[in-house]
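Coordinates in review
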Amino acid sequence: MSIKEVPYDMYIKEVNQKLTSRGIFLTTKENKLNTMIIGWGGITYFWGKPVFLVAVRKSRFTYSQIEKSGEFTISVPLNEDLNKAIAFCGTKSGRDFDKFKECNLTAIPSQKIETPIIGECSLHYECKVVYKQEMLRENLNADIDKKWYPDYHTFYFGEIVASYIKE
């Protein structure tokens, strides 16, 4: 396996396409390794830093993980067929399942943080949380609230400290 560093914004189009179609992997590690599927978020730029913005509901197992670790990885299957793993990891909780074991996913050490990447994916972002913001119901459009929110997200701004393709 070889790692090729890439500019954080080189694959924005592909990341957005995967986010909005079937989702991508957000991985955390705090006592227990876990991954979930995100369909909202994206790459942006804040405070002179490249940032991956992710939204995690307080009800999710990932929420406590990211709160404790302060970091996460994003793994994007660019050309890999991981639809079954995405379906499983997007519907099952890390409280109840070892998603890596159930989906035969391989945890590979990251370059700069403790949380591993998913070996079956080709594109990876390593992120350290630099800011978080809880959603406030009173600031949310009522129609969006009614349609999407049984419970609210916390937005995590993860500084992208490494971005690369695994070849």
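Residues numbered from 1 in each chain as written. Predicted model: local features only at pLDDT ≥ 70, side-chain atom pairs only at ≥ 80, totals over all residues. Heavy atoms only, no water.

Looking up the protein chain in an unreviewed UniProt entry gives the name Flavin reductase (DIM6/NTAB) family NADH-FMN oxidoreductase RutF, with the organism given as Thermoanaerobacterium butyriciformans. UniProt lists a comment for the protein chain under the heading Sequence similarities (unreviewed entry), and it reads "Belongs to the flavoredoxin family." (UniProt positions renumbered as here; feature names shortened; annotations may be inferred.)

1. Some words on the UniProt feature "transmembrane region" (unreviewed entry) in the protein chain
Per the UniProt record, the feature "transmembrane region" (unreviewed entry) sits at residues 37–56. Measuring from the first to the last C-alpha atom of residues 37–56 gives 10 Å, for a span that is 0% helix and 80% strand. (Helix = DSSP H or I, 4+ residues; strand = E, 2+ residues; numbered from the N terminus.)

2. Things to note about helix α2 (residues 61–69)
Of the positions making up α2, those classed as buried are Phe61, Thr62, Tyr63, Gln65, Ile66 and Ser69. Close packing links the buried residues of α2 with β2 (24–30), β3 (32–38), β5 (49–57), β6 (71–76), β9 (123–134) and β10 (153–166). With its phi angle positive at about 70 degrees, Gly70 sits one or two positions after the end of α2. (Buried < 20%, exposed > 50% of the residue type's maximum accessible area, 1.4 Å probe, protein only. Contact = heavy atoms within 4.5 Å.)

3. Describing the pairing of β3
Of all the seven residues making up β3, five are buried; the element is thus mostly covered by neighbouring parts of the structure. Two elements, β2 and β3, share seven bridges in a ladder whose sense is antiparallel. Looking at the pairing, Phe25 lines up with Ile37 of β3. Here β2 hands over to β3 after one residue, with Asn31 in that stretch at a positive phi of 70 degrees. (Pairing = 2+ DSSP bridges.)

4. Examining the layout of surface pockets
One number sums up the size of the largest pocket: a volume of about 480 Å³. Contributing to the lining of the largest pocket are 23 residues, with Met36, Ile37, Arg57, Arg60 and Gly90 lying nearest its centre. With four residues, β3 is the largest single contributor of residues to the lining of the largest pocket. Of the residues that constitute the lining of the largest pocket, the class distribution is nine nonpolar, nine polar and five charged. (1 Å grid on protein atoms, 1.4 Å probe; cavity = no way out; pocket = protein on both sides within 12 Å on 5 of 7 lines; lining within 4 Å. Points joined across faces, edges and corners; volume = space filled by probe spheres on them. Nonpolar A, V, L, I, M, F, W, Y, C, P; charged D, E, K, R; others polar.)

5. Notes on a nonpolar patch on the surface
Together, Phe46, Trp47, Val130 and Tyr131 make up a nonpolar patch on the protein surface, roughly 380 Å² of accessible area in all. Topologically, Trp47 is positioned in the loop between β4 (41–46) and β5. (Patch = residues over 30% accessible without salt bridge, like charges linked within 9 Å, V, L, I, M, F, W, Y side chains within 5 Å. Areas by Shrake-Rupley, 256 points an atom, 1.4 Å probe, with all protein chains shown as cover. Salt bridge = Lys/Arg side-chain N within 4 Å of Asp/Glu carboxyl O.)

6. Topic: the environment of Glu114
Residue position: Glu114 is located in the loop between β7 (107–108) and β8 (117–118). Those residues in contact with Glu114 that lie beyond four places of it in its chain are Lys29 and Glu71.

7. As for the nonpolar core
Residues Val15, Ile38, Phe52, Phe72, Ile74, Leu123 and Tyr125 are the most contacted members of the largest nonpolar core, which totals 24 residues. Contributions of two or more residues to this core are made by α1 (12–21), β2, β3, β5, α2, β6, β9 and β10. Counting 12 residues, the second-largest nonpolar core is a separate cluster that includes Phe25, Ala85, Cys89 and Ile118. (Core = buried A, V, L, I, M, F, W, Y, C linked by side-chain atoms within 4.5 Å.)

8. A few points about the UniProt feature "domain: Flavin reductase like" (unreviewed entry) in the protein chain
According to UniProt, the feature "domain: Flavin reductase like" (unreviewed entry) maps to residues 27–165 in the numbering used here. Across residues 27–165 one finds 19% helix and 44% strand; the C-alpha atoms that close the span lie 17 Å apart.

9. Describing the packing of aromatic side chains
As enumerated under the stated definition, the model contains 11 aromatic pairs in all. With 6.3 Å between their ring centres and 25 degrees between their planes, Tyr8 and Tyr45 make a pair best called stacked. Here the residue Tyr8 occupies a position in the loop between β1 (3–5) and α1, and Tyr45 occupies one in strand β4, the gap between them amounting to 37 residues. Both rings, one in Tyr149 and one in Tyr152, keep their centres 5.3 Å apart while their planes meet at 10 degrees; by these two values the pair is stacked. What makes Tyr152 partly exposed here is its relative accessible area of 22%. Each member of the aromatic cluster is reached from another via a ring pair, and the members are Trp40, Trp148, Tyr149 and Tyr152. (Phe/Tyr/Trp six-rings, centres within 6.5 Å; stacked < 30°, edge-to-face > 60°.)

10. A word on the environment of Phe72
Among the secondary structure elements, Phe72 is positioned in strand β6. Measuring from C-alpha to C-alpha, the distance between Phe72 and Gly158 comes to 7.6 Å, with 86 residues separating the pair along the chain.

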